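# Results of the structural survey
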Amino acid sequence: MEVWADMACAWAYIGRRRLEQAELGEDVEIVWRPYVIDPMAPVPSEPLEEELRDPVAEGALRALRATPASTPTGERAGDNGRPRGAVWRANTFDAHRVIALAHRRGGAALQGAVVERILRAHFVEGSDIGDRATLAALAAEAGLDGMAEALDRGDGADEVRSELLRGKAEGIATSPTFAVGDTMVSGAQPAEVLADLVRDAVPRRELPDEVRWLRQAEALLDARDPLGALWTLRPLLADHGDDPAVRLLAARAYFGSAQLGRAGETLEALLERTPGDHYARFLLGRTLERANRLPEALPHLRLAAAMSPEPDYVDALDRVENRLADRLTV
């Protein structure tokens, strides 16, 4: 089971408790994946007083305090043994790095211990989990040493970025989201729902890395994240940069991120090998149009519309012809 969650999300803490109550069995491995609910959270962290006035945040914390076993025996807590609640607006990227490194070094068991320690520190003890020294100390308490040096070296950063993009491409949009194979449920679900998820989940068909990266890049482009698509395409561009499918996806990502020079160069090279690719021809015309190189764009758009009179192709051709006609009448 993959659990996509943010360590600053009270529902993630509730979800962890309900996982424990679900009694999934020793053969179920739980792996925590990164999700960020506040990508604009500052570094260093800021007091959370203003954010806690938000009714949604207050509701989540009330639910956390009402969840059985949310404060294990011996933990520091607020009145009546309940969690005091988060007091910091923390950027959790480094926390996700520590969690990823915990899995890399010690598997699911060590990762689970680190997740528990970080969640408890944030929601029960009021610790600043955006602070690297605090994270290193918490990790050491959970059995993971050397995090101060690892964080300073940048260890785990690329892994977390890649996993965040994979989650986005797979449609992860809530913390927590529980996934087994191709089946997922979102939110802090009851224990019986989590047990049903494990029992009824459809296994995921394993794909070669190259196919998975291509599909992920396509999904990120559809989600209007061209820079994320380019990040995903890095290994493919390095090893299969001449492949037409890889080049076309890269060109789409360059175009979407307004890197028009790179888009044009990539499309021109692609069309030398596959001159009949009407979409590549159309995209090159659009690239030249956006660069205000209308006379150069026109023949490509004409060819694209002639090869396949798609509405987008015809609209772009009409637009460029009209703009050129307007120039002549000025």
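Residues numbered from 1 in each chain as written. Predicted model: local features only at pLDDT ≥ 70, side-chain atom pairs only at ≥ 80, totals over all residues. Heavy atoms only, no water.

### A few points about the nonpolar core
Within the largest apolar cluster, 46 residues are counted, with the highest numbers of intra-cluster contacts made by M1, M7 and V114. For this core, the secondary structure elements donating two or more residues are β1 (2-5), α1 (10-22), α3 (93-123), α4 (132-141), α5 (147-153), β5 (177-180) and α7 (191-200). In this structure, V114 is in contact with V98, I99, A102, A142 and L144, ignoring residues within four places of it in sequence. Counting 26 residues, the second-largest nonpolar core is a separate cluster that includes A251, A253, F255 and L267. (Core = buried A, V, L, I, M, F, W, Y, C linked by side-chain atoms within 4.5 Å. Buried < 20%, exposed > 50% of the residue type's maximum accessible area, 1.4 Å probe, protein only. Helix = DSSP H or I, 4+ residues; strand = E, 2+ residues; numbered from the N terminus. Contact = heavy atoms within 4.5 Å.)

### Some words on the pairing of strand β2 (residues 31-34)
Across four bridges, the pairing between β1 and β2 is parallel. When the bridges of β2 are listed, W4 appears paired with R33. (Pairing = 2+ DSSP bridges.)

### A few points about a negative patch on the surface
On the surface, E310, D312, D315 and D318 cluster together into a negatively charged patch. With respect to the secondary-structure elements, D318 resides in helix α14 (residues 311-329). You can call D318 partly exposed: its relative accessible area is 35%. (Patch = residues over 30% accessible without salt bridge, like charges linked within 9 Å, V, L, I, M, F, W, Y side chains within 5 Å. Areas by Shrake-Rupley, 256 points an atom, 1.4 Å probe, with all protein chains shown as cover. Salt bridge = Lys/Arg side-chain N within 4 Å of Asp/Glu carboxyl O. Lys, Arg positive; Asp, Glu negative; His and termini not counted. Charge placed at Lys NZ, Arg CZ, Asp CG, Glu CD.)

### Quick word on the pairing of strand β6 (residues 183-186)
Pairing analysis gives four bridges linking β5 to β6, with the strands arranged antiparallel. What sits directly across from T177, in β6, is S186. Hairpin connection from β5 to β6: two residues lie between these consecutive antiparallel strands, with G181 at a positive phi of about 60 degrees.

### Here we look at unusual backbone geometry
In this structure, the amide linkage connecting V43 to the following residue, P44, adopts the cis form with an omega of 0 degrees. Relative to the elements of secondary structure, P44 occurs in the loop between β2 and β3 (46-47). P176 follows S175 through a cis peptide bond whose omega is -5 degrees. With respect to the helices, strands and loops of the structure, P176 is situated in the loop between α6 (157-169) and β5. The phi torsion at E23 lies on the positive side, around 50 degrees, for a residue other than glycine. Within the secondary structure layout, E23 lies in the loop between α1 and β2.

### Details of the sheet that holds β2
The strands that make up a sheet pair up through hydrogen bonds in the backbone, lying either parallel or antiparallel. One open sheet accounts for four strands, arranged β2-β1-β5-β6; its pairing is mixed. Bordering the open sheet on either side are β2 and β6, each of which pairs with just one other strand. Adjacent strand axes in the sheet meet at a mean angle of 25 degrees, parallel and antiparallel pairs treated alike. Pairing geometry for β1 and β5, over three bridges, is antiparallel. When the sheet's bridge partners are listed, E2 is paired in β5 with A179. Against the sheet, α1 engages β1, β2 and β5, with an angle of about 165 degrees to β2. Packed on one face of the sheet, α3 meets β1 and β2 and runs near 165 degrees to β2. (Axes fitted to C-alpha atoms, helices over the stretch in contact; angles between N-to-C directions.)

### Notes on the packing of aromatic side chains
All told, the structure shown has three aromatic pairs when counted by the stated rule. The side chain of R234 reaches across the aromatic face of W231, ending 3.6 Å from its centre. Sitting over the face of the ring of F255, R290 holds its NZ or CZ atom 4.7 Å from the ring centroid. (Phe/Tyr/Trp six-rings, centres within 6.5 Å; stacked < 30°, edge-to-face > 60°. Lys NZ or Arg CZ within 6 Å of the ring centre and 35° of its normal.)

### Regarding the environment of R104
Within the secondary structure layout, R104 lies in helix α3. Sequence-wise, R104 and G156 are 52 residues apart; in three dimensions their C-alpha atoms are separated by 9.3 Å. Not counting the four nearest positions on each side in its chain, R104 is found in contact with G156 and E159. Looking at R104, its side chain comes within polar contact range of the side chain of E159, at 2.8 Å. (Polar contact = N/O pair within 3.5 Å; in protein donor to acceptor, adjacent residues only side chain to side chain.)

### Observations regarding α7
Looking only at α7, the buried set comprises A191, L194 and L197. Projected down its long axis, α7 carries its buried residues within an arc of 120 degrees, all on one side. Looking at α7, the residues exposed on the side facing more than 90 degrees away from the buried face are E192 and R199. For α7, the elements touching its buried residues are α1, β5 and β6. (Arc of directions from axis to C-beta.)

### A few points about the pattern of salt bridges
Scanning the model with the defined rule gives 31 salt bridges in all. Between R33 and E163 there is a salt bridge; the shortest N-O distance is 3.6 Å. With R33 in strand β2 and E163 in helix α6, the pair connects residues that are 130 residues apart, well separated along the chain. Classification of R33 by relative accessible area gives partly exposed; the value is 22%. With a relative accessible area of 16%, E163 lands in the buried category. R117 is the partner of E141 in a salt bridge, and the nearest nitrogen-oxygen pair spans 2.7 Å. Taken together, the positions of E141 in helix α4 and R117 in helix α3 put the pair 24 residues apart, joining distant regions of the chain. For E141, a relative accessible area of 53% puts it in the exposed group.

Read these as spatial facts, not as claims about activity.
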